[in-house]
Amino acid sequence: AYTTKVSRNANIAKLQAGYLFPEIARRRAAHLLKHPDAKIISLGIGDTTEPIPEVITNAMAERAHALSTVDGYSGYGAEQGEKKLRAAIAATYYADLGIDETDIFVSDGAKCDISRLQVLFGSKVKIAVQDPSYPAYVDSSVIMGQTDLYQQDVQKYGNIEYMRCSPENGFFPDLSKVPRTDIIFFCSPNNPTGAAASRDQLTQLVKFAKDNGSIIVYDSAYAMYISDDSPKSIFEIPGAKEVALETASFSKYAGFTGVRLGWTVVPKELLFSDGHPVAKDFNRIVCTSFNGASTISQAGGLGCLSPEGLKAMQDVVGFYKENTKIIVDTFESLGFNVYGAKNAPYVWVHFPDRNSWDVFAEILEKANVVTTPGSGFGPGGEGFVRVSAFGHRENIIEAARRLKQLYK
Amino acid sequence: MEKLQNGYLFPEISMRREAHEKKYPDAKVISLGIGDTTQPIPSIVTSAMAEYSLALSTPEGYQGYGPEQGQKSLRKAIADVVYPNMGIRDTEVFISDGAQCDIARLQMMFGRDVTIAVQDPTFPGYVDNGVIMGQTGPAAVDEESGGSRYAGIEYMRCAPENAFFPDLSRVRRTDVIFFCSPNNPTGHAASRDQLRQLVDFARRNGSIVVFDSAYASYVSGDDKPRSIYEVPGAREVAIEISSFSKFAGFTGVRLGWAVVPDELLYADGTRVARDFDRVVTTCFNGASSVAQAGGLACLATEEGRAAVARVVAGYKENARVLVDTFQALGKEVYGGDDSPYVWVRLFPGRRSWDVFAEILEKTHVITVPGSGFGPGGEGFVRVSAFNSRDRVVEACARLTSFLA
């Protein structure tokens, strides 16, 4: 067959297998092929399942209709997002934190923002990630050429600092053992462990970044799931504006996983070593490599941030949190050690001395329930399985029943 | 990032507009600058988006994450309607949130070590994303035009002298060739023969063509190709990107697509589509499901297709009015026939930013200086046909007054 003479990007070649969640989907599909009558319940991919509150979809429908009118039509929006939405985000989530609308960049979601941030940082930075963590930080780092080859023996890419988070250290890394990196990706509440860092821990993190001249990329996609007084934003920590940017998403609050809307906060005070504001370069990326989030999604976002919308989102989050409790109770009653759950829609279940892909396969084969193997999130996830709490209540209850059957 | 010269072109134009409006608060500025669509989207399309939005509030209608590559129904509609009889499979169509985003993702996929060729002048997104990915050396000032060229990029001059198609015998081999047709900004639509030459050139050199067909719906008549895949052999050498922006007024709604054929292979035999899929699943999470519902409504019925075509026809008529105006003034004008852009040399010998500034100052009409699209654009301005008929006619009246 004819081939071009273009070399494949060696960085992409470094990646081991496909991205985690399409892999899970493939396994699910293969299982369904083998057992076409199986009633599979998916507690794997963290995909929201409950309908979006009407106050939000009405706003979207209204905007859609308006696009058919002379007065209501709008073309290209500001790449940073519509002014009203930026202002609403700042007022709702960052009031009294010294963040204003001009620090907010509206996007089509946190995963997309992570890549744009990686493009912004370039190929020469070194990153640190929690271990385990959301795989997009590592995978985008590999694609950008920031890493060395994958080391099979330790299941890590060379030149990434993996900060172990486990029950032993309360899921917060021992920063005294972490060497300096340029960028630190920190997700709290954490995907997959569900751990929410305390004020004290985040203060340590900010100090660590300040001492090392590092930039924290703080992923707050699950902040609304926090039940205790753990900080919801890194900017609650004094000094954070000089060392951190924060990414967030409507996906898990408003069921916007398909609608696509999120934001990133880049404070004016965050500077590169030569004094150049990070926000200025991020703005350049946003204008050059992106063209703004969909106007209709943004109208939905404004609906989300109305008083009625905020209450509706809280109800949705509350519903998934009740699901989480059912799952936790199930595993605890079976004698498992479970973590997370209190401040996140994920339950992190310990299967000591077992291979997590084997456990994943066992639960899928024997109970027709999809979970996510912990090692998919990094070597620190080995021996754990992530069970997500997104599902219709009856499916959660049925899954709980099947798990009780399987592990009684 | 440091290598980039100035801000991206279109925000620069916006800033100049704002400054002008501050200076002349009562001026009725008419924008024929940024190619932003202005006419309402047909209600058959927006109703579909509204309906889909409301359905998201119901148990039966709710959908969460879609496939990152796009909804199957939309991928199939594009394969069937946009690429009839060209052998494009729905699995080769990747739905996106627009061509500019696809360009960035393609550049990310290609990585730092590829060399690129671009038309000169051309849409600045190819170059700027290449610079950001580290594909180029520093910028240097081009003596002839005063514009910037980045070291390492092959600029393929497209000018009246060569009928806006590069002399490929003088073009050095690069890994990737970005080719936009109908071209932004010159408006030139390559002929079948020209695209055959391009495909042959790519094949001989083992290069990949990234064919930007965002303006395909503006092509008049049947003799100019609307897709690179009309040329035999293109499946093995070309990626095609396109967009609903200028086709359906989706500049704010955000929807586009990339076609990466299964036969397109890297030197080591691996499928380019496999790596693009990896980038799409890792760095993206799919176009908005609401936008996709709108896209389907543009394509799935005769009524939808006709409604969208009427809007395009309106802009094409605007382009006709602009061309006629400039011709009547005896100006050297190109484009307009197969494109919403008119490419005109208003004042021979004068720099395009100066011409832009003078037109703005004296007529309150915004255009785009040609050098913003590359050194080959110097001496020209791009005038876009995206506005209401009334404003285009008004703009032409002002330009005629000023230039006559």
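Keep in mind the model is a prediction, meaning the values are calculated, not measured. (Residues numbered from 1 in each chain as written. Chains lettered and ligands numbered in written order. Predicted model: local features only at pLDDT ≥ 70, side-chain atom pairs only at ≥ 80, totals over all residues. Heavy atoms only, no water.)

(A) Up close: the overall build of chain B. Secondary structure assignment for chain B yields 12 helices and 15 strands. Relative to a compact globule of 404 residues, whose C-alpha radius of gyration would be 22 Å, chain B shows 21 Å and is just as compact. Expressed along its principal axes, the backbone C-alpha trace of chain B runs to roughly 60 × 50 × 40 Å. The proportion of buried residues among the 404 residues of chain B is 63%. Carbon and sulfur atoms make up 49% of the accessible area of chain B, which totals about 14000 Å². Of the charged side chains in chain B, 42 are positive and 50 negative, and the gap between their average positions amounts to 1 Å. (Helix = DSSP H or I, 4+ residues; strand = E, 2+ residues; numbered from the N terminus. Rg over C-alpha atoms; globule rule 2.2 N^0.38 Å. Buried < 20%, exposed > 50% of the residue type's maximum accessible area, 1.4 Å probe, protein only. Areas by Shrake-Rupley, 256 points an atom, 1.4 Å probe, with all protein chains shown as cover. Lys, Arg positive; Asp, Glu negative; His and termini not counted. Charge placed at Lys NZ, Arg CZ, Asp CG, Glu CD.)

(B) Layout of the overall build of chain A. In terms of helices and strands, chain A carries 13 helices and 15 strands. In terms of overall size, chain A behaves like a compact globule, its C-alpha atoms giving a radius of gyration of 21 Å where 408 residues would be expected to give roughly 22 Å. Overall size of chain A, expressed as C-alpha extent along the three principal axes, is 60 × 60 × 50 Å. A burial count over chain A gives 62% of its 408 residues as buried. If you take every contact in chain A between residues at least 6 apart in sequence, the share linking residues at least 24 apart comes to 73%. About 14800 Å² of surface is accessible on chain A, with carbon and sulfur atoms providing 51% of the total. Mean positive and mean negative side-chain charge positions of chain A (42 and 46 charges, respectively) differ by 4 Å. (Contact = heavy atoms within 4.5 Å.)

(C) Spatial organisation of the UniProt feature "domain: Aminotransferase class I/classII large" (unreviewed entry) in chain A. Per the UniProt record, the feature "domain: Aminotransferase class I/classII large" (unreviewed entry) sits at residues 39-403 of chain A. The span residues 39-403 of chain A shows a helical share of 37% and a strand share of 16%, and its end C-alpha atoms are spaced 14 Å apart. (UniProt positions renumbered as here; feature names shortened; annotations may be inferred.)

(D) Local environment of the domain arrangement of chain B. All names here are of chain B. As assigned here, chain B comprises domain 1 (9-41 + 304-403) and domain 2 (46-301). Each of domain 1 and domain 2 has a C-alpha centre, and these two points are 25 Å apart. The partner domain 2 presents 44 residues to the 33 residues of domain 1 that form the contact. When domain 1 packs against domain 2, close to 2900 Å² is buried across both sides, 60% of that on carbon and sulfur atoms. Summed over the three residues of domain 1 that lose the most area to domain 2, namely Ile41, Asp338 and Pro375, the buried surface amounts to 25% of that side. Summed over the shared surface of domain 1 and domain 2, the number is one salt bridge. With a closest N to O distance of 3.0 Å, Asp338 and Lys224 form a salt bridge. (Domains from an automatic or database assignment. Buried area = accessible area lost by both parts, 1.4 Å probe. Salt bridge = Lys/Arg side-chain N within 4 Å of Asp/Glu carboxyl O.)

(E) Region of the structure containing empty space enclosed by the protein. In this structure the tally under the stated criterion is five cavities of 30 Å³ or more. Considering only enclosed or pocket space, the largest cavity measures out at about 150 Å³ in volume. In terms of lining, the largest cavity is formed by 13 residues, of which the most central are A:Arg116, A:Ser289, B:Ala104, B:Arg105 and B:Met108. Here the lining of the largest cavity is composed, by residue class, of eight nonpolar, three polar and two charged. Here the second largest cavity is characterised by a volume of approximately 70 Å³. As for the second largest cavity, its lining consists of 13 residues, of which A:Asp108, A:Ser294, B:Asp97, B:Arg254 and B:Ser288 are closest to the centre. Tallied by class, the residues present in the lining of the second largest cavity amount to five nonpolar, four polar and four charged. (1 Å grid on protein atoms, 1.4 Å probe; cavity = no way out; pocket = protein on both sides within 12 Å on 5 of 7 lines; lining within 4 Å. Points joined across faces, edges and corners; volume = space filled by probe spheres on them. Nonpolar A, V, L, I, M, F, W, Y, C, P; charged D, E, K, R; others polar.)

(F) Broad picture of helix H2 (residues 43-55) of chain B. Here H2(B) contains 13 residues, and its C-alpha end-to-end distance of 18 Å stays within 8% of the 18 Å for a straight helix at 1.5 Å per residue. When H2(B) is considered as a whole, its buried residues turn out to be B:Val45, B:Thr46, B:Met49, B:Ala50, B:Tyr52 and B:Ser53. Taken end-on, H2(B) shows its buried residues confined to a sector of 160°, consistent with a single buried face. Buried residues in H2(B) make contact with helix H3 (54-66) and helix H10 (295-304) of chain A together with helix H9 (289-299) and helix H10 (302-328) of chain B. (Expected span 1.5 Å × (residues − 1). Arc of directions from axis to C-beta.)

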